[in-house]
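Single-letter residue listing:
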Amino acid sequence: MHQDHPLAIVGAHVVPVASDPVPDGVVLLRDGRIEAVGTREEVTVPGDAEVVDASGGWLVPGLVDAHVHLGVWEEGEGWAGQDTNEMTDPVMAAARAIDGINPREQGFDDALMGGVTTVNVNPGSGNPIGGQAVALKTYGRYVDEMVLRNPAGVKSALGENPKRVYGEQKKTPSTRLGVALVLRTAFEAARSYRARRDASDGKPVDTDLVSEILVKVLDREIPWRQHCHRADDIATALRLADEFGYELVLDHGTESYLLADVLAERQVPVLYGPLIVSRSKVEVRDRSLAAPGILDRAGVPVSIITDHPVVPIEYLITQVALAVREGMDRDAALRSVTLNPARVLGVDERVGSIEAGKDADVVLWSGDPLDLQSRVLRTWVDGTEVWTWDAEAGAGRVRARG
């Protein structure tokens, strides 16, 4: 999918995120990577390069949404496209989101239209342990060639959702106590499995797919992605993380701003959102557009998420703009959908900023992305232009996925 010749994007206001903006900058792409970033004096454009005149536009890294259900919760497909939750057992750690993703779902095109080039697809929150998430690009022919990291975490849920699902089935867990019990039981089983495996002197042990993945969590090879909203559930998440020593990431964290100092001290990342939704359940009644700014100012690593399709993925940047309106520092806000989520996903060596050596995932906007009048003009993934706005037609087009 890489371009045949070098591509030089010149004249844009370049926002690398990891360094200062470059007015009237040059970004050179070659073989799917960013080769150079700088001023016209600093970057030499090769004679065989294709040149894109981006004067008047803003060039930013492809946006990163660290919590979506793209491809497993297909819009407009009804039950046939609903593969978000395997709610037949409370412990689904061995289930993998990648096995349910349809990369031809409309939402992937919407992502490119909105400048989102990297996502983390999660299982849903109906189970105490929902399964394995996967980080991937939003453009590709089939899902395996889009993968950045698999698994990128294990999804777990506290609070209202698993209580409701299994309470209605008249089985454990039907309370917050029961949900925490299910998690402890699964992790203790994984500890025992690891001990048997380590004591076997290389001899085969009976494979336990659930414990295999939970051992990776215990060994901090992959993060524990904890769905929780209320402050009391966040406290439970911290308590469990202390008991078992895993790497904790809070997904949603609606009331996390009430514990911002505690989370900052522990450096627990919060993936906050979705922001522009109704108060659809008790747990989200205290959601706040000011929360990302509060968390950032306290020193919490914060990212903003859509939870697509709860908020359509093309409105990720809209949420960021609203967070800025409510007091978030604009540089921090842009990091919340670029470098910060890339770090949470463990893919920041490849995406999240415009730096030499990283993947050539860049987006040209008509103006400041935080101005809601701006639109995405062109999106490149791995150096290939995959979304183009046609001003004459008043519409955009996505490069055929093959």
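Up top you'll find the structure we're talking about.
None of these values were measured; they are calculated from a predicted model.

Draft legend 1. Highlighting the overall build of the chain. Scanning the chain from terminus to terminus reveals 10 helices and 17 strands. What you see for the chain is a C-alpha radius of gyration of 21 Å, in line with the 21 Å of a compact globule of 402 residues. With the principal axes as the frame, the chain shows a C-alpha extent of 65 × 50 × 40 Å. Every one of the 402 residues in the chain was classed for burial, and the buried ones make up 56%. Taking the contacts inside the chain whose residues are at least 6 apart along the sequence as the reference set, 66% of them involve residues at least 24 apart.

Draft legend 2. How the structure looks around the side chain of His 69. By secondary structure assignment, the location of His 69 is in the loop between strand E6 (63-68) and helix H1 (106-113). In this structure His 69 touches Thr 84, Val 121, Asn 122, Pro 123, Gly 124, Lys 155, Asp 307, His 308 and Pro 309, once residues within four positions along its chain are discounted.

Draft legend 3. Just helix H4 (residues 209-218), in detail. The complete set of buried residues in H4 reads Ser 211, Ile 213, Leu 214, Val 215, Val 217 and Leu 218. Where H4 is buried, its residues meet strand E8 (129-137), strand E9 (147-157), helix H3 (176-198), strand E10 (224-228) and helix H5 (231-244). Between the side-chain oxygen at the start of H4 and the backbone nitrogen of Val 210 there is a gap of 3.1 Å, and the oxygen is on Asp 208. Backbone geometry just after H4 places Arg 220 at a positive phi near 60°.

Draft legend 4. A look at the pairing of strand E11 (residues 248-252). Most of E11 is tucked away: five of the five residues are buried. Bridge count for E10 against E11 is five bridges, and the pairing is parallel. Paired with Trp 224 across the strands is Leu 248, a residue of E11. Once you follow E10 into H5 and on to E11, the crossover reads as right-handed. The sheet contact formed by E11 and strand E12 (residues 270-272) spans three bridges and is parallel. Looking at E12, one finds that His 252 is bridged to Tyr 272. The handedness of the E11 to E12 crossover, carried by helix H6 (residues 260-266), is right-handed.

Draft legend 5. View of the nonpolar core. Among the nonpolar cores identified, the biggest contains 78 residues, and Val 121, Leu 214, Trp 224, Tyr 246, Leu 248 and Leu 250 are the most heavily contacted of them. With residues up to four places along the chain from it excluded, the contact list for Val 121 reads Val 68, His 69, Leu 70, Val 72, Ala 97, Ile 101, Ala 133, Val 134 and Leu 136. Ranked by size, the runner-up nonpolar core spans 16 residues in total, among them Ile 9, Val 14, Ile 354 and Val 362.

Draft legend 6. Seen up close, the packing of aromatic side chains. Tallied over the entire structure, the rule returns four aromatic pairs. Through pairs of rings, three or more aromatic residues link up here, namely Phe 187, Trp 224, Phe 244 and Tyr 246.

Draft legend 7. Region of interest: the pattern of salt bridges. This model, assessed by the stated rule, comprises 24 salt bridges. Linking Arg 176 and Glu 283 is a salt bridge whose minimum nitrogen-to-oxygen distance equals 3.1 Å. Note that Arg 176 is positioned in helix H3 and Glu 283 in the loop between E12 and helix H7 (291-298), a separation of 107 residues in sequence. Residue classification places Glu 283 among the buried residues on the basis of a relative accessible area of 1%. For Asp 368, the salt bridge identified is with Arg 330, shortest N-O distance 3.1 Å. Note that Asp 368 is positioned in the loop between strand E14 (362-365) and strand E15 (376-381) and Arg 330 in helix H9 (residues 330-335), a separation of 38 residues in sequence. For Asp 368, a relative accessible area of 18% puts it in the buried group. Looking at Arg 330, the relative accessible area reads 36%, which means it is partly exposed. Within the structure, one salt-bridge network assembled from shared partners comprises Arg 33, Lys 137, Arg 350, Asp 359, Asp 361 and Asp 382.

Draft legend 8. Representation of H3 in the model. Between its first and last C-alpha, H3 extends 33 Å over 23 residues, near the 33 Å set by a 1.5 Å rise per residue. Within the sequence span of H3, burial applies to Gly 178, Val 179, Ala 180, Val 182, Leu 183, Ala 186, Phe 187, Ala 190 and Tyr 193.

Draft legend 9. View of the environment of Arg 287. With respect to the helices and strands, the residue Arg 287 is situated in the loop between E12 and H7. As for Arg 287 and Gly 131, which are separated by 156 residues in sequence, their C-alpha atoms are 26 Å apart. Those residues in contact with Arg 287 that sit more than four places away from it in its chain are Thr 254, Tyr 272, Leu 275, Val 277, Ser 278 and Arg 279. A polar contact of 2.7 Å, which involves the side chain of Arg 287, links it to the backbone oxygen of Val 277.

Draft legend 10. Representation of the sheet that holds E11. Pairing is mixed across the open sheet formed by eight strands, whose spatial order is E6-E7-E8-E9-E10-E11-E12-E13. In this open sheet, the two strands that pair with only one neighbour each are E6 and strand E13 (302-304). In this sheet, neighbouring strand axes are inclined to one another by 25° on average, regardless of whether the strands run parallel or antiparallel. Where E6 meets strand E7 (residues 116-121), four bridges bridge the pair, whose relative direction is parallel. By the bridge assignment for E7, Asp 65 is matched with Val 119.

About the cut-offs
- Residues numbered from 1 in each chain as written.
- Predicted model: local features only at pLDDT ≥ 70, side-chain atom pairs only at ≥ 80, totals over all residues.
- Heavy atoms only, no water.
- Helix = DSSP H or I, 4+ residues; strand = E, 2+ residues; numbered from the N terminus.
- Rg over C-alpha atoms; globule rule 2.2 N^0.38 Å.
- Buried < 20%, exposed > 50% of the residue type's maximum accessible area, 1.4 Å probe, protein only.
- Contact = heavy atoms within 4.5 Å.
- Polar contact = N/O pair within 3.5 Å; in protein donor to acceptor, adjacent residues only side chain to side chain.
- Pairing = 2+ DSSP bridges.
- Right-handed = clockwise from strand over helix to strand, strands pointing away.
- Core = buried A, V, L, I, M, F, W, Y, C linked by side-chain atoms within 4.5 Å.
- Phe/Tyr/Trp six-rings, centres within 6.5 Å; stacked < 30°, edge-to-face > 60°.
- Salt bridge = Lys/Arg side-chain N within 4 Å of Asp/Glu carboxyl O.
- Expected span 1.5 Å × (residues − 1).
- Axes fitted to C-alpha atoms, helices over the stretch in contact; angles between N-to-C directions.

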